[in-house]
Amino acid sequence: MTKLDAVTLTRPPDGVPKSSPHPDMVWIPGGTFRMGSDKHYAEEAPVHRATVDAFWIDRTPVTNRQFREFVRATGHVTFAEIVPDAKDYPGALPNMLRAASLVFSPPKHPIDDLCDWSQWWTFKFGANWRRPYGPRSTLSGLNDHPVVHVAYSDALAYAKWAGKDLPTEAEWEFAARGGLDSAEFGWGDELAPGGKPMANTWQGAFPRENLKLDGYERTSPVTAFPPNGYGIYDMIGNVWEWTSDWYSAGHEADAGKACCIPVNPRGGGEDASYDPCQPEIRIPRKVLKGGSHLCAPNYCRRYRPAARHPEPVDTSTSHVGFRCVVRQASMPPAGRGHRAVARRIPQRMPQIALI
Ligand SMILES: [Ca+2]
Ligand SMILES: [Ca+2]
Ligand SMILES: [Cu+2]
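Predicted model, so just to flag it, every value in this text is computed and none were measured. (Residues numbered from 1 in each chain as written. Chains lettered and ligands numbered in written order. Predicted model: local features only at pLDDT ≥ 70, side-chain atom pairs only at ≥ 80, totals over all residues. Heavy atoms only, no water.)

### Describing the coordination of the calcium ion (ligand 2)
Reference values for coordination geometry: four tetrahedral donors around a metal ideally subtend 109.5 degrees, six octahedral donors ideally subtend 90 or 180 degrees. Convention followed: Sites may look incomplete, because water is not among the atoms used; the donor set itself consists of N, O and S atoms within 2.8 Å of the metal (3.2 Å for Na, K and Ca). Classification of residues uses two cut-offs on accessible area relative to the type maximum, computed with a 1.4 Å probe and protein chains only: under 20% is buried, over 50% is exposed, and between them is partly exposed.
The protein atoms that coordinate the calcium ion (ligand 2) are Asp 234 (O), Met 235 (O), Gly 237 (O), Val 239 (O) and Glu 241 (OE), at distances of 2.4 to 2.8 Å. Along the chain, the residues that donate to the calcium ion (ligand 2) are spaced as D-M-x1-G-x1-V-x1-E. According to the relative accessible area criterion, Glu 241 is buried, its value standing at 0%.

### Topic: unusual backbone geometry
Generally, phi is negative for residues other than glycine and the peptide bonds are trans, each holding for most cases. This is how the line gets drawn: Secondary structure is summarised from DSSP: a helix means a run of H or I of at least four residues, a strand means a run of E of at least two, and numbering begins at the N terminus for each.
Here Ala 45 and Pro 46 are connected by a cis peptide whose omega angle stands at -10 degrees. With respect to the helices and strands, the residue Pro 46 is situated in the loop between strand S3 (31–35) and strand S4 (48–52). Across the junction of Phe 206 and Pro 207, the peptide omega takes the value 5 degrees, indicating a cis bond. Position of Pro 207 relative to the elements: it lies in the loop between helix H3 (169–176) and strand S8 (240–246).

### Comments concerning the packing of helix H1 (residues 64–74) against helix H2 (residues 152–161)
Short version of the rule: Here the axes come from fitting lines to C-alpha atoms, over the contacting stretch only for helices, and the angles between their N-to-C directions go from 0 to 180 degrees. Here is the rule for angles: anything less than 35 degrees is roughly parallel, anything more than 145 is roughly antiparallel, 65 through 115 is roughly perpendicular, and the remaining ranges are oblique. Should any heavy atoms of two residues lie within 4.5 Å, those residues are counted as being in contact. Think of it as three bins: nonpolar holds Ala, Val, Leu, Ile, Met, Phe, Trp, Tyr, Cys and Pro, charged holds Asp, Glu, Lys and Arg, and polar takes everything else, Gly as well.
Axis separation between H1 and H2 bottoms out at 11 Å; the angle between their running directions is 80 degrees. By the angle between their axes, H1 is roughly perpendicular relative to H2. Between H1, through Gln 66, Phe 67, Glu 69, Phe 70, Ala 73 and Thr 74, and H2, the contact on the second element is made entirely by Asp 154, Ala 157, Tyr 158 and Trp 161. Split by residue class, the contact of H1 with H2 holds six nonpolar, two polar and two charged.

### Thoughts on the nonpolar core
Applied cut-off: Side-chain atoms within 4.5 Å link the members of a nonpolar core, which is a set of buried Ala, Val, Leu, Ile, Met, Phe, Trp, Tyr and Cys residues.
Core analysis: the biggest nonpolar cluster contains 63 residues, and Ile 28, Phe 67 and Phe 322 have the highest contact counts within it. With five residues, H3 is the single largest residue contributor to this core. When neighbours within four sequence positions are excluded, Phe 322 is seen to be in contact with Pro 61, Val 62, Phe 67, Val 147, Val 150, Ala 155, Tyr 158, Leu 166, Trp 240, Glu 241 and Trp 242.

### Description of the pairing of S4
What counts is decided by this rule: A strand pair is defined by DSSP finding two or more bridges across the two strands.
Counting buried positions along S4 gives five out of five residues, so the element sits mostly inside the fold. Side chains of S4 alternate between two faces, with His 48, Ala 50 and Val 52 and Arg 49 and Thr 51 buried alike. Both S3 and S4 contribute to a ladder of five bridges, which runs antiparallel. If you follow Thr 32 over to S4, its bridge partner there is Thr 51.

### Observations concerning the coordination of the calcium ion (ligand 1)
Only Asn 200 (OD1), Thr 201 (O), Asp 214 (OD), Asp 214 (OD) and Tyr 216 (O) from the protein reach the calcium ion (ligand 1) as donors, at distances of 2.4 to 2.6 Å. Counting along the primary sequence, the residues that act as donors to the calcium ion (ligand 1) give the motif N-T-x12-D-x1-Y.

### Concerning the sheet that holds strand S9 (residues 285–289)
Pairing in this open sheet of four strands is mixed, and the strands run S10-S9-S8-S11 from one edge to the other. Two strands in the sheet have a free side with no partner beyond their single neighbour: strand S10 (308–312) and strand S11 (320–321). Relative to S10, S9 runs antiparallel, the two being bridged by five bridges. Bridge assignment links Leu 288 to a residue of S10, and that residue is His 309. Contacts from H3 reach S8, S9 and S10, with the element oriented near 140 degrees to S8.

### As for the pattern of salt bridges
Filter applied, for reference: Every case where a carboxyl oxygen of Asp or Glu lies within 4 Å of a side-chain nitrogen of Lys or Arg is listed as a salt bridge.
Taken as a whole, this structure holds 19 salt bridges when the rule is applied. Asp 165 is the partner of Arg 327 in a salt bridge, and the nearest nitrogen-oxygen pair spans 2.9 Å. In this pair, Arg 327 is assigned in strand S12 (residues 325–327) and Asp 165 in the loop between H2 and H3, connecting sequence segments 162 residues apart. Residue Arg 327 is classed as buried on the basis of its relative accessible area of 17%. The partner of Arg 177 in a salt bridge is Glu 173, and the shortest N-O contact between them spans 3.0 Å. Through salt bridges with shared partners, a single network forms among Glu 169, Glu 173, Arg 177, Lys 289 and Arg 308.

### Topic: H1
Defined as follows: This arc corresponds to the set of directions leading from the helix axis out to the C-beta atoms.
All buried positions along H1 are accounted for by Asn 64, Phe 67, Phe 70 and Val 71. Looking straight down H1, one finds that the buried residues subtend no more than 120 degrees of arc, so they occupy a single side. Relative to its buried face, H1 has exposed residues pointing more than 90 degrees away, namely Arg 72 and Ala 73. Buried residues along H1 sit in contact with H2. The positive-phi residue at the C-terminal boundary of H1 is Gly 75, with phi of around 70 degrees.

### Quick word on the pairing of strand S6 (residues 100–104)
Along any regular strand the residues' side chains alternate between the sheet's two faces. Of all five residues in S6, five are buried, a share of seventy percent or more. With burial as the criterion, each face of S6 is covered, one bearing Ala 100, Leu 102 and Phe 104 and the other bearing Ser 101 and Val 103. The sheet contact formed by S6 and strand S7 (residues 121–125) spans five bridges and is antiparallel. Across the sheet, residue Val 103 finds its bridge partner in S7, namely Thr 122.

Right, here's the structure in full:
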């Protein structure tokens, strides 16, 4: 076991602007922190020290209002709006070759098997960021909710357009901890201190009983819950957020000596990110962070800064969004064996977060 060090925070160096380079960004001081957790899911272990340089981060996840501005300015068409090309789908079922996205649909019957996510995820034709629940839905009332149904390439395209980038996993986790080193949640050690919900998660027995004690059945406005110690909102819950790191099944061991703590770590390589349970599907997976409105105590306790989940780069859902960062210096590329993200398409339907 490594002796726990006090978190070291750096202050913005001289010359760093006091106000952000873009509206609604918050300065994160950077420093050395304990990343991961040994007390929860295996993929979060081991706890290890990591250092991140200071950066700016969006105060909230990107909203539908903001994403609409981007689409108006660029004409960007999201992955979920594009009809898949049969050439890209050897062996695909022809009736699945339609523009679609995964929408959470609570099952009508009791579920015996909580591993069978197809019971509550529907690959809904015509669902996309403008029609988040399906072809007849709209964004009415959802302007200040996070954009959803965005694949990795959509998040990255937005970030580039905005003159920003996507956070690494280490940056994201550092920011989510809000200066509380090794606390279980982004606000302390209790999920709902004094009964007060601190994030949009799921109360009740997932996936059928949504008690909505936090006031929201699905997504919520991005400032509906209190900000963390850095003044940023919704890191935990509401929607999972894309990071730019390839997923690997666990973290590297702690460096041991202070000299060797990794600086701006980028996780493993793309090749290690494929799903070992589905070797025939070669779609690399990125790390999602923060949990969502579907994370429930009986099913998925990932409403914590250390939590992480693999998401295939081409998968979009009703519970995944993103936010951006701005750095002073460029970041090294993701992981070892980095290659460009190819537009590879799954055989039948996107793999999907088991959440
Ligand atoms: Ca909720
Ligand atoms: Ca979030
Ligand atoms: Cu979850």
